[in-house]
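# Working through the structure, step by step
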Amino acid sequence: MTHRAVGFGRGFPRIWLIPIGALTILLGIAASGRLSRSIVADLIAWWPIWLGLAITAYLLRDRRLGAFRVSGLVPLVALVFIGLFIWGHLAGWSIMPSSSQRLVGPDPSGYSTAELTAAIDGELEVAGGSEFLYQIEPVKRGGGIAIPTANEHVSNGSVTITFELPPDPGLYVYAGWDLRLSTAPVWSLDLDGAVQADLTELTLDSLRVTGAGTVHLGPTDVETPVEVGGSFHLVVPSGTPARVVGVASVPATWTLTSDGANSPAGGDGWVVTVVGDATLTVSEG
């Protein structure tokens, strides 16, 4: 009974159905768009491991450990390697070809102001904390967005940055970009996509958002324009002056005006303009 549970005599061992099934499910998830197709490139790059497991299974096919075939343990080892492979792909291990898919900007020193435009038909995650002026890594889920190239125009300590998608990215397409920015310069940002932005660490001169999503703003004591087009949730720090021009849903503590609403805090701060038929919800946090 134990012998037959491991395999069909000299035929195909049923226990191999476990790692084969795991690989089939993995490729099916990638094909459905829930994982990036770049996982296929990583899978191919691991061919020495898959070949080594196959050779080991062949060489140990007649070895026994008591009533068990030693070759029956190889599929379980293969399953462990599949688990490591998935973890390595998602964590961006350097041995994975997909880990090279990132864009890194220059050192931020020497730039006092920076203007950046990022527009994609996908997920756009934005935050501060980069040691470079900017850096982009993929959002490792399925999609059609590749890592771009950057165009930089520098003039007297200021830099203007735009991004350009490659014409043929092959397997290296993802759900979107994870964009990290340096906190050193004062930023003018134009963001378009499914935006999830935490801008609390950044100093902004202006902000324009189009598409949909959530944006967290930081404190400011200077008049800073924000233009909203699309459907957005804007989070403003409590106690920070803010004014909305246009139709928006605002906290109950705000004062309605003839052209919008004002936060309880007085003074200069965020000036949010709702463009066209955009939908805006403002909250404090």
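Parameters and conventions
- Starting from 1, residues in each chain are numbered consecutively following that chain's sequence as written.
- Only residues with pLDDT of at least 70 get local features here, since the model is predicted, and only at 80 or more are side-chain atom pairs given and counted; chain-wide, interface and lining totals rely on the full set of residues.
- Side-chain measures here rest on the full set of heavy atoms in the structure, leaving out hydrogens and waters.
- In DSSP terms, a helix is any run of H or I states spanning at least four residues, a strand is any run of E spanning at least two, and both are numbered starting from the N terminus.
- Based on C-alpha atoms, the radius of gyration is set beside the globule rule, defined as 2.2 Å times the residue count to the power 0.38.
- Here's how the labels work: a residue is buried when its accessible area is under 20% of the maximum for its type, exposed when over 50%, partly exposed in between, all with a 1.4 Å probe on protein chains only.
- We call two residues in contact whenever any of their non-hydrogen atoms come within 4.5 Å of each other.
- Between 30 and 60 degrees the pair is tilted, below 30 it is stacked and above 60 it is edge-to-face, where a pair is any two Phe, Tyr or Trp rings, Trp via its six-membered ring, whose centres lie within 6.5 Å.
- Patches in this entry comprise residues that are over 30% relatively accessible and not in a salt bridge; like charges within 9 Å are linked, as are nonpolar side chains (Val, Leu, Ile, Met, Phe, Trp, Tyr) within 5 Å.
- We get accessible surface area from the Shrake-Rupley algorithm with a probe of 1.4 Å; when it comes to residues, only the shown protein chains can shield them.
- We define a salt bridge as a side-chain nitrogen of Lys or Arg found within 4 Å of a carboxyl oxygen belonging to Asp or Glu.
- Only protein atoms enter the 1 Å grid used here, on which a cavity is any set of points holding a 1.4 Å probe that cannot leave and a pocket is any open set flanked by protein within 12 Å on both sides along at least five of seven lines; residues with an atom within 4 Å of a point are listed as lining.
- Grid points are joined across faces, edges and corners, and a volume is the space filled by probe spheres set on the points.
- Gly is placed with the polar residues, together with every amino acid not listed as nonpolar (Ala, Val, Leu, Ile, Met, Phe, Trp, Tyr, Cys and Pro) or charged (Asp, Glu, Lys and Arg).
- A score from 0 to 100, pLDDT tells how confident the predictor is in each residue.

## Structural notes on the overall build of the protein chain
A tally of helices and strands in the protein chain yields five helices and 16 strands. What you see for the protein chain is a C-alpha radius of gyration of 26 Å, clearly larger than the 19 Å of a compact globule of 285 residues, by over 25%. The principal-axis extent of the C-alpha atoms belonging to the protein chain is close to 85 × 45 × 30 Å. Looking at the protein chain as a whole, 41% of its 285 residues qualify as buried. In the protein chain, 62% of the contacts between residues at least 6 apart in sequence involve partners at least 24 apart.

## What to know about the packing of aromatic side chains
The full count for this structure, using the stated rule, is five aromatic pairs. With 5.9 Å between their ring centres and 35° between their planes, Trp46 and Trp50 make a pair best called tilted. In this structure Trp46 comes out as buried when scored by relative accessible area, which is 7%. A relative accessible area of 21% means that Trp50 is categorised as partly exposed. Look at Trp50 and Phe85: their rings are 6.2 Å apart centre to centre, the planes differ by 70°, and that puts the pair in the edge-to-face class. One end of the pair, Trp50, is in helix α4 (residues 47-59); the other, Phe85, is in helix α5 (residues 74-91), with 35 residues separating them in the sequence. Among the aromatic residues, those joined into a cluster by ring pairs are Trp46, Trp50 and Phe85.

## A few points about a nonpolar patch on the surface
Residues Trp47, Leu51, Ile55, Tyr58 and Leu59 make up a contiguous nonpolar surface patch of about 570 Å² in total accessible area. Note on placement: Ile55 falls in helix α4. Since its relative accessible area comes to 42%, Ile55 is described here as partly exposed.

## Some points on the layout of surface pockets
By volume, the second largest pocket amounts to about 150 Å³. Listing elements by their share of the lining of the second largest pocket, those giving two or more residues are α5 and β5 (134-139). Of the residues assigned to the lining of the second largest pocket, the class counts are three nonpolar, four polar and four charged.

## Focus: the confidence of the model for the protein chain
Predicted confidence across the protein chain gives a mean pLDDT of 89, with 93% of residues reaching 70 or more. pLDDT under 50 marks residues 1-9. Its contacts with residues more than four places away, or in other chains, come to 18 contacts.

## Quick notes on the pattern of salt bridges
For the coordinates displayed, the defined rule picks out five salt bridges. For Asp190, the salt bridge identified is with Arg208, shortest N-O distance 3.2 Å. On the criterion of sequence distance, the pair formed by Asp190 in strand β9 (residues 186-198) and Arg208 in strand β10 (residues 203-216) is long-range, its members being 18 residues apart. The partly exposed category is assigned to Arg208, whose relative accessible area is 35%. Close ionic contact of Glu227 with Arg208 constitutes a salt bridge, the shortest N to O distance being 3.1 Å. Placement of Glu227 in strand β11 (residues 224-236) and of Arg208 in strand β10 is noted, with a sequence separation of 19 residues between them. Taking the relative accessible area as the measure of exposure, Glu227 reaches 34% and is therefore partly exposed.

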